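# Geometric and topological summary
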Amino acid sequence: MTDPKTPAPKTFHVKSFGCQMNVYDGERMGEMLGAQGLTAADADSADLVVLNTCHIREKAAEKVYSDIGRLARRENGPRPMIAVAGCVAQAEGAEIHRRAPQVDIVVGPQAYHRLPDLVSRASAGGHALDTDMPAASKFDVLPRRARRQGPSAFLTVQEGCDKFCTYCVVPYTRGAEISRAWDQIVDEAKALADGGAREITLLGQNVNAWSDERGRGLHTLIETIALIPGIARIRYTTSHPNDMSDGLIAAHRDIDALMPFLHLPVQSGSDAILKAMNRSHSTASYLKIIDRVRAVRPDIAISGDFIVGFPGESDADFEATLQIVRDVDYAMAYSFKYSPRPGTPAADMDDQIAPGLMDERLQALQALLNEQQHRFNLASVGRTTEILIERDGKRPGQKLGKSPWLQSVIVENGPEAGSLLPVEIVSAAPNSVVGVPVSDRHASGGWHPAQNMARAG
Ligand code: SAH
Ligand code: SF4
Ligand code: F3S
C-alpha cells in the first residue's frame, strides 16, 4: 500500500473527463466540498483529488489508471486521497479497488451527493464505495448552486438514457432516463443568472426528451428560461433525432435567445448500420428533421457525431456516411473510431472492423468534416453579429468569444468577459474567426470602453 495519505482533507481538486455533463457534475462536487469547508487547490497539491471519469471509449476509460498511478507517486508530500467518480466508477465499481488499491473512494454519477460522507469514511481508513442508483434523485439533495463567475454555464435538466444503442455504455453508467423538475431547473437558472451567467446550455444525454408531469416539453422550458433577466442565450445538447418535437423545431423560429445551433448526432449514413446500432431512426427521417429545422431557421449551424468502423460496416456503408455528410453540410462535428465496450451487444457482433481500416475511414471522414467547417467559417465572413465574450486571449487586450453559431471568435481590444459585443466577422480559419467591433468599423476612433457600457450591462 502507498499510505500514508492525508487523513482528513482540507483542500480538493476535481478533474473531469468526457462530456459536458461530467463538467457539470464536477462543478457540483466542487461546490459540495466547498460547502464542507474544503478549499480548491491544484491537482499536484490537493489533499483530495477527484477523477471524474468517462467510460464511452476504451481510451477514455483506461486513462484513469495512469492518472491514479501518477497521483499515488506524488513526490512533494504524502499521496492525496483519491476518489474515482463518473462513468468508469459506475461501470467498474469495486473492480477499481482491486486494480488500483490506492483508490480510496469509488462513487457513481447518481451517488455523488454523498461524496462528503464517503470522504469521512475514507478518512477513518479503508475503502468507500457507492455506485447506487437511488430512487431519490441526487438533484433533490444537492445544495443550491454556489454563486459562480463565468458568462457561460451548464445546467443538467435530463439524465440517463433508455435508447440502448448497441455500442453505447451510457444507459448502463447513467441509468434510466429522468427529467428534473421544472421548478428546480428554473431556480437553478435564476441562480446562475445572478452569478453572472449570460448563456445557459441545457444538458441531457437526450436533452430533447425532457418533459414534466404536466406534459410540458423542452421548448416550453426554454421559453421560460429566456425570460430570466440576464439570460441572453440558450443552447441545449445532446439531442436524439426521435425526440425532435414540432415545438422544439418551432422554438428555433420563435425564441430569439435560442441560439441557431443544433447538435444532432446521426452516427452513420447507412440504414443497415443504423439498424444494427439500434438507432431507431433512418437516414431519411434524419434528413427530414434537418430540412424542417432549416426551413424555420435557415442560418442554423448543424453539428453531429459519427462512428466509423461499427461491426459489419462495408465500404458502401462508409460511402453512405460520407454522402449524408455532403447532404447535410455540417458546421462542425465529432467523429470517432468504434470502440467495443464491455457488456454492450455490439462488442459481441461478428465482423469487427480491422483497426487500420478504421483509421483510414476516420481520416477520410475528418478531412471532409474539416473542410465543411472551414467553409462554414469562410461563409460567415462579412456577417455582423453579436458575440459573447468568454475570456482573455493570448495577446494583451485580446478576447475570445462565441458567435451564435458556436464559432470561436477572436477580437483585439474587446470588453470584459460577459459582455455581448456586436462585431463584423472579417476573416476565417478552420477553427476560429476574427471579429472587429462594429463600433471600430463605423466610427473613426478605436474602441472605447464607454461606448460599450450600455450593451454590456
Ligand atoms: N446521447 C448522445 C451522445 C452519447 S455519447 C447521443 O445519442 O447522440 C457521445 C458520442 O460518443 C456518441 O454520439 C457517439 O458518436 C460516440 N460513442 C458512443 N459510444 C461509442 C463507442 N462505443 N465507440 C465509439 N464512439 C462512441
Ligand atoms: Fe448512447 Fe444511444 Fe443513449 Fe446516445 S441515445 S446515450 S448514443 S444509447
Ligand atoms: Fe463519458 Fe459518461 Fe459522459 S461515459 S460521455 S462521462 S455520460
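What counts and what doesn't
Residues numbered from 1 in each chain as written. Chains lettered and ligands numbered in written order. Predicted model: local features only at pLDDT ≥ 70, side-chain atom pairs only at ≥ 80, totals over all residues. Heavy atoms only, no water. Helix = DSSP H or I, 4+ residues; strand = E, 2+ residues; numbered from the N terminus. Rg over C-alpha atoms; globule rule 2.2 N^0.38 Å. Buried < 20%, exposed > 50% of the residue type's maximum accessible area, 1.4 Å probe, protein only. Areas by Shrake-Rupley, 256 points an atom, 1.4 Å probe, with all protein chains shown as cover. Lys, Arg positive; Asp, Glu negative; His and termini not counted. Charge placed at Lys NZ, Arg CZ, Asp CG, Glu CD. Near = heavy atom within 4 Å. Nonpolar A, V, L, I, M, F, W, Y, C, P; charged D, E, K, R; others polar. Pairing = 2+ DSSP bridges. Core = buried A, V, L, I, M, F, W, Y, C linked by side-chain atoms within 4.5 Å. Contact = heavy atoms within 4.5 Å. Domains from an automatic or database assignment. Buried area = accessible area lost by both parts, 1.4 Å probe. Salt bridge = Lys/Arg side-chain N within 4 Å of Asp/Glu carboxyl O. Polar contact = N/O pair within 3.5 Å; in protein donor to acceptor, adjacent residues only side chain to side chain. Axes fitted to C-alpha atoms, helices over the stretch in contact; angles between N-to-C directions. Arc of directions from axis to C-beta.

## Some points on the overall build of the protein
Looking only at helices and strands, the protein has 15 helices and 19 strands in total. Compactness check: the protein gives a C-alpha radius of gyration of 23 Å against a globular reference of 23 Å for 457 residues, within 12% of the reference. With the C-alpha coordinates aligned to their principal axes, the bounding extent of the protein is approximately 65 × 60 × 50 Å. Relative to its full complement of 457 residues, the protein shows a buried share of 54%. Accessible area for the protein stands at about 19500 Å²; split by element, carbon and sulfur atoms hold 52% of it. The positive charge centre, built from 49 side chains, and the negative charge centre, built from 56, are 4 Å apart in the protein.

## Structural notes on the site of ligand 3
Taken together, the neighbourhood of ligand 3 is formed by Cys19, Asn22, Thr53, Cys54, His55, Ile56, Cys87, Arg174 and Gln205. Across the shell around ligand 3, the residue classes break down as 4 nonpolar, 4 polar and 1 charged.

## Considerations on the pairing of strand S17 (residues 408-411)
Side-chain alternation along S17 places Val409 and Val411 on a buried face and Ser408 and Ile410 on a face that remains uncovered. Pairing between strand S16 (residues 399-402) and S17: 4 bridges, direction antiparallel. The partner of Leu400 across the bridge, within S17, is Ile410. A loop of 5 residues connects S16 with S17, the two strands running antiparallel in sequence, and Leu406 in this loop sits at a positive phi of about 70°. Relative to strand S19 (residues 433-437), S17 is paired through 2 bridges, and the arrangement is parallel. Bridge pairing links Val409 to Val433 in S19.

## So, the nonpolar core
What tends to happen in soluble globular proteins is that the nonpolar side chains get buried as a cluster. Leu202, Leu218 and Tyr236 are the most contacted members of the largest nonpolar core, which totals 50 residues. With 6 residues, helix H7 (residues 182-194) is the single largest residue contributor to this core. Ignoring sequence-local partners within four residues, the contact set of Tyr236 consists of Thr201, Leu202, Val207, Leu218, Ile222, Met244, Leu248, His252, Leu258 and Leu262. Counting residues in each nonpolar core, the second largest holds 25 residues, with Leu48, Val119, Ala128 and Phe154 among its members.

## Some thoughts on the domain arrangement of the protein
Each assigned domain of the protein is listed with its residue range as follows: domain 1 (11-130), domain 2 (139-378) and domain 3 (382-456). Between domain 2 and domain 3, the C-alpha centre-to-centre distance is 28 Å. Counting residues at the interface gives 18 residues for domain 2, matched by 21 residues for domain 3. Interface area for domain 2 against domain 3, summed over the two sides, is near 1500 Å², with a carbon-plus-sulfur share of 59%. Per-residue buried area on domain 2 facing domain 3 is highest for Pro151, Arg233 and Asn377; these three make up 36% of the total on that side. Applying the counting criterion to the domain 2 and domain 3 interface returns 0 salt bridges. For the pair domain 2 and domain 3, the number of links is 10 residue pairs in polar contact (both at pLDDT 80 or more).

## Quick word on the sheet that holds strand S2 (residues 39-40)
Pairing is parallel in the open sheet, where 6 strands are placed in the order S2-S1-S3-S4-S5-S6. Both edges of this open sheet fall to S2 and strand S6 (128-130), since each of them pairs with a single strand only. The pairing of strand S1 (residues 11-16) with S2 spans 2 bridges and is classified as parallel. Paired with Thr11 across the bridge in S2 is Thr39. Contacting strand S3 (48-53), strand S4 (81-85), strand S5 (105-107) and S6, helix H5 (residues 115-123) runs over the sheet at an angle of about 160° to S5.

## Some words on helix H8 (residues 218-225)
Along H8, the residues classified as buried are Leu218, Leu221, Ile222 and Ile225. All buried residues of H8 project into a common sector of 100° when viewed along the axis, lining one side. Of the surrounding elements, those touching the buried residues of H8 are H7, strand S10 (199-203), strand S11 (233-237) and helix H9 (246-254).

## Some points on unusual backbone geometry
The linkage connecting Thr237 with the following residue, Thr238, adopts the cis geometry, with an omega of 0°. Along the chain, Thr238 falls in the loop between S11 and H9. Phi angles above zero are rare outside glycine, and Asn278 is one such case at about 60°. When you line up the elements, Asn278 lands in the loop between helix H10 (271-276) and helix H11 (283-296). Judged by its relative accessible area of 34%, Asn278 is partly exposed. Backbone geometry places Asp351, a non-glycine residue, at a positive phi of 65°. Tracing the chain through its elements places Asp351 in the loop between strand S14 (332-337) and helix H13 (355-379). Judged by relative accessible area, which is 57%, Asp351 ranks as exposed.

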